[in-house]
Amino acid sequence: MFGGDTLYELRCSLQLAETEREGGFSPHISPFTAVSDLGHLLGRAGFNTLTVDTDEIQVNYPGMFELMEDLKGMGESNCSWNRKPLLHRDTMLAAAAVYREMYRNEDGSIPATYQIYHMIGWKYHDSQARPAERGSATVSFGELAKLSEVMPQGKKQ
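Quick look at the structure, then. Note that the coordinates shown come from a computational prediction; the quantities given were computed from them, not determined experimentally.

Attention now goes to unusual backbone geometry. Outside of glycine, negative phi angles account for most residues, and trans bonds account for most peptide bonds. For leucine 7, which is not glycine, the phi torsion reads 60 degrees and is therefore positive. The topology assignment puts leucine 7 in the segment before α1 (8–22). The buried category is assigned to leucine 7, whose relative accessible area is 5%. Here threonine 49, not a glycine, exhibits a phi torsion of approximately 50 degrees, which is positive. Mapped onto the fold, threonine 49 is located in strand β1 (residues 48–61). Classification of threonine 49 as partly exposed rests on a relative accessible area of 45%.

Attention now goes to the layout of surface pockets. In this structure, the largest pocket occupies an estimated 520 Å³ of space. Looking at the largest pocket, it is lined by 20 residues, and the ones nearest its centre are His28, Met68, Glu76, Ser77 and Asn78. Breaking the lining of the largest pocket down by element, the ones donating at least two residues are α1 and α3 (64–73). Top contributing element to the lining of the largest pocket by residue count: α3, with four residues.

For the rest of this paragraph, the subject is the packing of α3 against helix α4 (residues 89–103). Relative placement of two packed helices is described by the angle separating their axes and the distance separating the axes. Between α3 and α4, the shortest axis-to-axis distance is 9 Å and the interhelical angle comes to 105 degrees. Of the possible angle classes, the one that applies to α3 and α4 is roughly perpendicular. From α3, Met64, Phe65, Leu67 and Met68 reach across to α4, where they touch Met92, Leu93, Ala95, Ala96 and Tyr99. Partitioning the contact of α3 with α4 into residue classes produces nine nonpolar, no polar and no charged.

Attention shifts here to the nonpolar core. Residues Leu7, Leu10, Met64, Leu67 and Tyr99 are the most contacted members of the largest nonpolar core, which totals 19 residues. Every element with two or more residues in this core is listed here: α1, α3, α4 and β2 (110–122). Broken down by element, the residue count for this core peaks at six residues, all from α4.

Judged by side-chain polarity, Val139, Phe141, Leu144, Leu147 and Met151 come together as a nonpolar surface patch covering roughly 540 Å² of accessible area. With respect to the helices and strands, methionine 151 occurs in the segment after α6 (147–150).

About the cut-offs
Residues numbered from 1 in each chain as written. Predicted model: local features only at pLDDT ≥ 70, side-chain atom pairs only at ≥ 80, totals over all residues. Heavy atoms only, no water. Helix = DSSP H or I, 4+ residues; strand = E, 2+ residues; numbered from the N terminus. Buried < 20%, exposed > 50% of the residue type's maximum accessible area, 1.4 Å probe, protein only. 1 Å grid on protein atoms, 1.4 Å probe; cavity = no way out; pocket = protein on both sides within 12 Å on 5 of 7 lines; lining within 4 Å. Points joined across faces, edges and corners; volume = space filled by probe spheres on them. Axes fitted to C-alpha atoms, helices over the stretch in contact; angles between N-to-C directions. Parallel < 35°, antiparallel > 145°, perpendicular 65-115°, else oblique. Contact = heavy atoms within 4.5 Å. Nonpolar A, V, L, I, M, F, W, Y, C, P; charged D, E, K, R; others polar. Core = buried A, V, L, I, M, F, W, Y, C linked by side-chain atoms within 4.5 Å. Patch = residues over 30% accessible without salt bridge, like charges linked within 9 Å, V, L, I, M, F, W, Y side chains within 5 Å. Areas by Shrake-Rupley, 256 points an atom, 1.4 Å probe, with all protein chains shown as cover. Salt bridge = Lys/Arg side-chain N within 4 Å of Asp/Glu carboxyl O.

Right under this line is the structure:
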């Protein structure tokens with residue numbers, strides 16, 4: 001799922017332009033969750049041995065309107081109930097100018113950052129083996145280095 005810093009460039013540009021042109025702003029990008037909230041949510045759902053990984057991908061677009069067209073095609077329009085249904089044309093043009101001025105790449109394209117969360121959680125079942133108690137090992141990791149002395153070296157394939 002998309003994470004908290006997804007589309008921060010677009011979010012910031014729209015907020016600055018709308019504040020300047022209309023005296024305030026409404027959320028135009030759907031809210032995204034923080035990585036810590038996902039861990040808490042999985043824990044409260046009864047999962048343990050949690051892993052939440054984050055990837056950040058940057059995609060370059062010719063301009064803000066091409067980015068917005070791509071988002072529309074992905075079905076990623078804003079789902080907030082308390083937002084204004086539309087932006088004025090001059091506000092949109094100002095947002096495009098702000099985006100280009102603040103974030104433009106050397107080649108003239110604009111970046112869009114997507115933060116992607118990958119989550120894994122386990123629920124133990126009676127049919128599964130349980131992990132050993134902490135400190136119950138009979139061999140230390142230090143002794144593993146000595147295995148090469150004990151084991152004969154075979155041919156490498």
